[in-house]
Amino acid sequence: VLKFKPKQVAKKILSPLQERANDVISSRFGLKEDAKSETLESIGQKYGLTRERVRQIENAALTAIKKADSYKEAKETFEELEEYINTLGAVVAEEDLLDLISSDPVIQNHIRLFLTLGDSFNYHKEDEHFKDRWSVDKEVAEIIHNGLKKLYANISDNELLTEPDMISRFLS
């Protein structure tokens, strides 16, 4: 789906970090071969640090990555990812986006890192109406969210609609 190789781009982006900061980011995002995202607590235990200190290291590392030349050199990666999200409708559930890009959990975790780092990506936390999702335009996302909420409010839980009927109701 994407032209870039997520593991290679991530390796380059993380290269300016000191060893511990690199390990914290890799552990938090599940970039290692086991694809397991570690908690602040578990990373803290490994280094003898508090959860809060690990959070501080993580935030400092993300900031350092954004300031590094390697991040600027990866601009095309972020643009390609943004373009892909736009082709999916500008707002897409995280699970759907990651599944469309790759079935490999490690690759999915790398994409999640890029989404977190990219300035043009907006994360919307799961709520009573929607799953975790990403957008590339806050205004468009708000319009879509409000439109879908209004549509859903006018449909009973027992009512099943075909896609054309749903679109017709949405437009009205």
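Per chain, the residues get numbers from 1 upward, laid out in the order the sequence is written. The predicted origin of the model limits local features to residues at a pLDDT of at least 70 and limits the giving and counting of side-chain atom pairs to 80 or more, whereas totals for whole chains, interfaces and linings rest on all residues. Just so you know, side-chain values use all the structure's heavy atoms and leave hydrogens and water out.

Visitor: Explain the packing of helix α6 (residues 75-87) against helix α8 (residues 105-117) to me, using residue names and the numbers behind them.
Guide: Each axis is a line fitted through C-alpha atoms, and for a helix only the stretch in contact is used; angles between axes span 0 to 180 degrees, taken between their N-to-C directions. In DSSP terms, a helix is any run of H or I states spanning at least four residues, a strand is any run of E spanning at least two, and both are numbered starting from the N terminus. Two numbers describe how α6 lies on α8: the axes approach to 11 Å, and their chain directions differ by 95°. Compared by their axis directions, α6 and α8 come out roughly perpendicular. In this structure, α6 contributes Thr77, Phe78, Leu81 and Ile85 to the contact, and α8 contributes Ile111, Phe114, Leu115 and Leu117. Under the convention adopted here, Pro, Cys and the residues Ala, Val, Leu, Ile, Met, Phe, Trp and Tyr are nonpolar, Asp, Glu, Lys and Arg are charged, and Gly plus all remaining residues are polar. The residue makeup of the contact of α6 with α8, split by class, is seven nonpolar, one polar and no charged. Working definition: roughly parallel below 35 degrees, roughly antiparallel above 145 degrees, roughly perpendicular at 65 to 115 degrees, and oblique for all remaining angles. Residues count as neighbours in contact if any of their non-hydrogen atoms are within 4.5 Å of one another.

Visitor: Help me get a handle on the pattern of salt bridges, residues and values and all.
Guide: Salt bridges are defined as contacts in which a side-chain nitrogen from Lys or Arg sits within 4 Å of a carboxyl oxygen from Asp or Glu. Applying the stated criterion across every chain, the model contains 11 salt bridges. Residue Lys12 pairs with Glu73 through a salt bridge whose shortest N-O separation is 3.3 Å. With Lys12 in helix α1 (residues 6-14) and Glu73 in helix α5 (residues 69-73), the pair connects residues that are 61 residues apart, well separated along the chain. Residue Lys12 is classed as partly exposed on the basis of its relative accessible area, which comes to 46%. Across the pair Arg133 and Asp127 runs a salt bridge whose closest N-O atoms are separated by 3.4 Å. Any residue under 20% of the maximum accessible area for its type is buried, any over 50% is exposed, and the rest in between are partly exposed; the area is computed with a 1.4 Å probe on protein chains only.

Visitor: Can you lay out helix α7 (residues 94-101) for me, pointing to particular residues and giving the numbers?
Guide: When α7 is considered as a whole, its buried residues turn out to be Glu94, Leu97, Leu98 and Ile101. Seen end-on, α7 carries its buried residues on one side only, within an arc spanning 90°. By definition, the arc is the one covered by directions from the helix axis to the C-beta atoms.

Visitor: Any details on the nonpolar core? Residues and values, ideally.
Guide: In summary, soluble globular proteins display a tendency toward joint burial of nonpolar side chains. By nonpolar core we mean a set of buried residues, namely Ala, Val, Leu, Ile, Met, Phe, Trp, Tyr and Cys, connected to one another through side-chain atoms within 4.5 Å. Among the nonpolar cores identified, the biggest contains 39 residues, and Ile111 and Phe114 are the most heavily contacted of them. Sorting the residues of this core by element identifies α1, α2 (19-29), α3 (40-47), α4 (51-67), α6, α7 and α8 as the ones contributing at least two each. In terms of residue count, α8 provides more of this core than any other element does, six residues in total.

Visitor: Account for the environment of Thr87, naming residues and giving values.
Guide: As for its position among the elements, Thr87 is in helix α6. Taking the C-alpha atoms as reference points, Thr87 and Val1, 86 residues apart in sequence, are found 12 Å from one another. Looking at Thr87, its side chain comes within polar contact range of the main-chain oxygen of Tyr84, at 2.5 Å. Polar contact is defined as a pair of N or O atoms within 3.5 Å, subject to the rule that within protein one atom must be able to donate a hydrogen and the other to accept it, and that residues adjacent in sequence are counted only when both atoms are side-chain atoms.

Visitor: Tell me about the side chain of Ser135, residues and numbers included.
Guide: Position of Ser135 relative to the elements: it lies in strand β3 (residues 133-135). For Ser135, a relative accessible area of 0% gives the class buried. A distance of 2.7 Å separates polar atoms of two side chains, one belonging to Ser135 and the other to His124. Setting aside its immediate chain neighbours within four residues, Ser135 contacts Ala90, Val91, Ser120, Phe121, Asn122, His124 and Ala141.

Visitor: So, a nonpolar patch on the surface: which residues are in play, and what are the values?
Guide: Every patch collects residues that have over 30% relative accessible area and no salt bridge, joining them within 9 Å if they carry like charges and within 5 Å if they are nonpolar side chains (Val, Leu, Ile, Met, Phe, Trp, Tyr). For accessible areas, the Shrake-Rupley method is used with a probe of radius 1.4 Å. Any residue's cover is judged against the shown protein chains and nothing else. A surface patch of nonpolar side chains, about 400 Å² in accessible area, is lined by Leu148, Ile167, Phe170 and Leu171. Residue contributions to the nonpolar patch peak at three residues, all from helix α10 (residues 163-171). Structurally, the position occupied by Leu171 is in helix α10. A relative accessible area of 69% means that Leu171 is categorised as exposed.

Visitor: Kindly report on the sheet that holds strand β2 (residues 122-124), identifying the contributing residues and their values.
Guide: Each pair of strands is called paired provided DSSP finds at least two bridges between the two strands. Reading across the sheet, the three strands line up as β1-β3-β2 and stay open at both edges, with antiparallel pairing between neighbours. A strand with exactly one partner marks an edge of an open sheet, and here the two such strands are β1 (91-93) and β2. Adjacent strand axes in the sheet meet at a mean angle of 25°, parallel and antiparallel pairs treated alike. In this structure, β2 lies alongside β3, joined through three bridges in antiparallel fashion. Within the sheet, the bridge partner assigned to Tyr123 lies in β3 and is Trp134. Together, β1, β2 and β3 form the strand contacts of α7, whose direction differs from that of β1 by roughly 85°.

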